[in-house]
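Given next are the chains, with one letter for each unit.
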Amino acid sequence: AQSVTQLDSHVSVSEGTPVLLRCNYSSSYSPSLFWYVQHPNKGLQLLLKYTSAATLVKGINGFEAEFKKSETSFHLTKPSAHMSDAAEYFCVVSDQTGGFKTIFGAGTRLFVKA
Amino acid sequence: EAGVAQSPRYKIIEKRQSVAFWCNPISGHATLYWYQQILGQGPKLLIQFQNNGVVDDSQLPKDRFSAERLKGVDSTLKIQPAKLEDSAVYLCASSLGFRTDSFLNEQFFGPGTRLTVL
């Protein structure tokens, strides 16, 4: 069965320190994996995506994620947090289960302290 | 390039009333999605269209929810009658296609409609 688990509901970091948001997935097929960000009162925006090309994916605003098939993980990282990174982050998996399905994780809220 | 348009942005109704939401996807996008996002949760896919055909509606509560995409362009999602638990943000998204392992399945989201059922 297809599923996605975001291991932390909340993450708090200080400005200038690294960010790590964890995501594990389950898929019977070769999945596409995405990270989306949702700022308060704004729409969902794509940060980055993995579609079976390079396993290290670079996205916007300095974010990147590494696809690790052996660990079924797709963790999101950023070397140095900025205040504007405070938002809700969603890990998403899409594959051909039952036709074609897209499943969102429950989300991780990132807090950035000055 | 214009994004995904949704209306209304906000709607307040009483339980047992009916409500409809409208979505206009990005021009040329064949696939359209409706999601329900309850406060504090991730979006849940309700229905997915490819052109004007339904690809997946397994999580759509069909006794009260309906959706259509006539002519394969814009779409309407209806709730009749509404329940308190339907209070949520309803998101519309579109993509060029929906094939795995392809750039086609990047989804672009609209601003959403916030529904409050009293």
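Below or above, wherever it landed, is the structure these notes cover. Since the model is a prediction, treat every value here as computed from it, not as a measurement.

**Quick notes on the layout of surface pockets**
Argument step 1. Put simply, the largest pocket is a space of about 660 Å³.
Argument step 2. Lining the largest pocket are 30 residues, with A:Gln38, B:Gln37, B:Leu39, B:Val89 and B:Arg114 sitting closest to its centre.
Argument step 3. Elements with a contribution of two residues or more to the lining of the largest pocket: strand S10 (87–95) of chain A together with strand S9 (88–95) and strand S11 (113–117) of chain B.
Argument step 4. Per element, the largest residue contribution to the lining of the largest pocket is 4 residues, and it comes from S11(B).
Argument step 5. Split into classes, the residues belonging to the lining of the largest pocket amount to 11 nonpolar, 14 polar and 5 charged.
Argument step 6. Volume-wise, the second largest pocket comes out at about 170 Å³.
Argument step 7. Lining the second largest pocket are A:Tyr25, A:Ser26, A:Ser27, A:Tyr29, A:Ser30, A:Pro31, A:Tyr50, A:Ser52, A:Phe67, A:Lys69 and A:Thr72.
Argument step 8. Taken together, the residues of the lining of the second largest pocket break down into 5 nonpolar, 5 polar and 1 charged.

**Considering unusual backbone geometry**
Argument step 1. The omega angle of the peptide bond from B:Ser7 to B:Pro8 is -10 degrees, so this bond is cis rather than trans.
Argument step 2. Going from B:Gln80 to B:Pro81, the amide bond is cis rather than trans, its omega being -5 degrees.
Argument step 3. Position of B:Pro81 relative to the elements: it lies in the loop between strand S8 (75–79) and S9.
Argument step 4. Even without being a glycine, A:Asn61 presents a positive backbone phi close to 60 degrees.
Argument step 5. Within the secondary structure, A:Asn61 is located in the loop between strand S7 (56–58) and strand S8 (64–68).
Argument step 6. One non-glycine residue, B:Arg16, lies in the positive phi region at around 80 degrees.
Argument step 7. Note that B:Arg16 resides in the loop between strand S2 (10–13) and strand S3 (19–24).
Argument step 8. The exposed category is assigned to B:Arg16, whose relative accessible area is 62%.

Basis of the calculations
Residues numbered from 1 in each chain as written. Chains lettered and ligands numbered in written order. Predicted model: local features only at pLDDT ≥ 70, side-chain atom pairs only at ≥ 80, totals over all residues. Heavy atoms only, no water. 1 Å grid on protein atoms, 1.4 Å probe; cavity = no way out; pocket = protein on both sides within 12 Å on 5 of 7 lines; lining within 4 Å. Points joined across faces, edges and corners; volume = space filled by probe spheres on them. Helix = DSSP H or I, 4+ residues; strand = E, 2+ residues; numbered from the N terminus. Nonpolar A, V, L, I, M, F, W, Y, C, P; charged D, E, K, R; others polar. Buried < 20%, exposed > 50% of the residue type's maximum accessible area, 1.4 Å probe, protein only.

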